[in-house]
Amino acid sequence: MNATQSYLPEGLPIPTPETDGLSAPYWNGLKDGVLTIQRCKSCGGWQWGPEWICHRCLSFDMGWETVEPRGRIFSWERVWHPVHPALKGHGPYIVVLVELPHADNVRLIGNLIGDPRQTVTIGAAVEGVFEHHPNASTPHTLLQWRTVG
Ligand SMILES: [Zn+2]
C-alpha cells in the first residue's frame, strides 16, 4: 500500500527529526514502511507525540514499538486556504486526526488521501499509506491515511 505520488504539491517544508533525535525512530520507521509509536517501558502507556518523559508515571525510560497503521478518524477539516505558497491553487485538501484504538487512542495528524471533496465521517476506519519521498533533498516518508471498508 505504498504511495507513489504525493498528496500535496512539492515545495512544502520537509519534516525531519529534531536535532536532539527524539522523533528519529518514528521517521526512520516510516522510511521502512513501519509505524512506530512511543511507549513507556515502566508503565506500558503509549504516548504521542514523542517526549523524553512519560506523562503518566514520569519515567524517562521511553521505548518505541511497532503498531499496525490502522485507526479511526477522531476529527478532520477540509482546508481551502493556502497556508503555504506551495499550496496556492491546490485546495481543498483534507487533514485528519486519527486515533489508534490499539495504542491507548494516541492521535496522529495526517492527510486523508483520495477525493478532497469526499464525505468524511467521524469514527470511520482508516489505514496508513506510506508516502515515500526518496528523491527529496532530505529523503523522507509521510504517513497519510485512507478510508477502508
Ligand atoms: Zn510511564
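See the structure printed just above.
Residues numbered from 1 in each chain as written. Predicted model: local features only at pLDDT ≥ 70, side-chain atom pairs only at ≥ 80, totals over all residues. Heavy atoms only, no water.

Q: Teacher, can you tell me more about the overall build of the protein chain here?
A: Helix and strand counts for the protein chain come out as one helix and nine strands. In sequence order, the protein chain lays out its α and β elements as β-α-β-β-β-β-β-β-β-β. Relative to the globule expectation of 15 Å for 149 residues, the C-alpha radius of gyration of the protein chain, 16 Å, shows essentially globular dimensions. Overall size of the protein chain, expressed as C-alpha extent along the three principal axes, is 50 × 35 × 25 Å. When each of the 149 residues of the protein chain is scored for burial, the buried share is 40%. Expressed as a percentage of contacts within the protein chain between residues at least 6 apart in sequence, the contacts between residues at least 24 apart total 56%. Put simply, the protein chain shows about 8300 Å² of open surface, and 51% of that area lies on carbon and sulfur atoms. Distance between charge centroids for the protein chain: 5 Å, based on 11 positive and 14 negative side chains. (Helix = DSSP H or I, 4+ residues; strand = E, 2+ residues; numbered from the N terminus. Rg over C-alpha atoms; globule rule 2.2 N^0.38 Å. Buried < 20%, exposed > 50% of the residue type's maximum accessible area, 1.4 Å probe, protein only. Contact = heavy atoms within 4.5 Å. Areas by Shrake-Rupley, 256 points an atom, 1.4 Å probe, with all protein chains shown as cover. Lys, Arg positive; Asp, Glu negative; His and termini not counted. Charge placed at Lys NZ, Arg CZ, Asp CG, Glu CD.)

Q: Any chance you could explain the packing of aromatic side chains here in plain terms?
A: How two aromatic rings sit relative to each other is set out by the distance from centre to centre and by the angle between their planes. Taken as a whole and assessed by the stated rule, the structure comprises three aromatic pairs. An angle of 75° between the planes, with centres 5.0 Å apart, marks the rings of Tyr-26 and Trp-27 as edge-to-face. Take Tyr-26: its relative accessible area is 8%, and that puts it in the buried class. Centre to centre, the rings of Tyr-26 and Trp-48 are 4.7 Å apart; their planes meet at 50°, and the pair counts as tilted. Residue Tyr-26 is located in helix α1 (residues 24–31), and its partner Trp-48 is located in the loop between β3 (46–47) and β4 (62–67); the two are separated by 22 residues in the primary sequence. Taken together, the aromatic side chains of Tyr-26, Trp-27, Trp-48 and Trp-64 make up a single cluster linked through ring pairs. We note Arg-107 situated over the ring of Phe-74; from NZ or CZ to the ring centre the distance is 3.5 Å. (Phe/Tyr/Trp six-rings, centres within 6.5 Å; stacked < 30°, edge-to-face > 60°. Lys NZ or Arg CZ within 6 Å of the ring centre and 35° of its normal.)

Q: Sorry if this is basic, but what is going on with the pairing of strand β5 (residues 70–79) here?
A: One face of the sheet, then the other: side chains in a regular strand alternate in exactly this way. As judged from the three bridges shared by β5 and strand β8 (residues 125–133), these two strands associate in the antiparallel manner. Bridge pairing in β8 links Arg-70 to Glu-127. Across seven bridges, β5 lies against strand β6 (residues 93–100) in antiparallel orientation. Considered in β6, the bridge of Ser-75 is made with Leu-97. (Pairing = 2+ DSSP bridges.)

Q: I tried to follow the side chain of His-140 on my own but got confused; where do I start?
A: When you line up the elements, His-140 lands in strand β9 (residues 140–147). At 2.8 Å, the side chain of His-140 and the backbone oxygen of Thr-138 are in polar contact. Setting aside residues no more than four positions away along its own chain, His-140 makes contact with Ile-14, Pro-15, Lys-31, Glu-131, His-132, His-133 and Pro-134. (Polar contact = N/O pair within 3.5 Å; in protein donor to acceptor, adjacent residues only side chain to side chain.)

Q: Sorry, what's going on with the environment of Ala-125 here?
A: Tracing the sequence through the fold places Ala-125 in strand β8. Residues Ala-125 and Val-106, spaced 19 residues apart in sequence, show a C-alpha to C-alpha distance of 15 Å.

Q: It is not clear to me how the coordination of the zinc ion should be interpreted in this structure. Could you clarify?
A: Angles at a metal have ideal values that depend on geometry: 109.5 degrees with four tetrahedral donors, 90 or 180 degrees with six octahedral donors. Donor atoms from the polypeptide that bind the zinc ion are Cys-40 (SG), Cys-43 (SG), Cys-54 (SG) and Cys-57 (SG), placed at 2.3 to 2.4 Å. Taking the relative accessible area as the measure of exposure, Cys-57 reaches 34% and is therefore partly exposed. (Donors = N, O, S within 2.8 Å, 3.2 Å for Na, K, Ca; no water.)

Q: Looking at this model, I keep getting lost on the environment of Ile-53. Mind explaining?
A: Following the sequence through the fold, Ile-53 ends up in the loop between β3 and β4. Separated by twelve residues in sequence, Ile-53 and Lys-41 have C-alpha atoms that sit 11 Å apart. Among all residues touching Ile-53, those that are not within four sequence positions of it are Gln-47, Leu-58, Ser-59, Phe-60 and Met-62.

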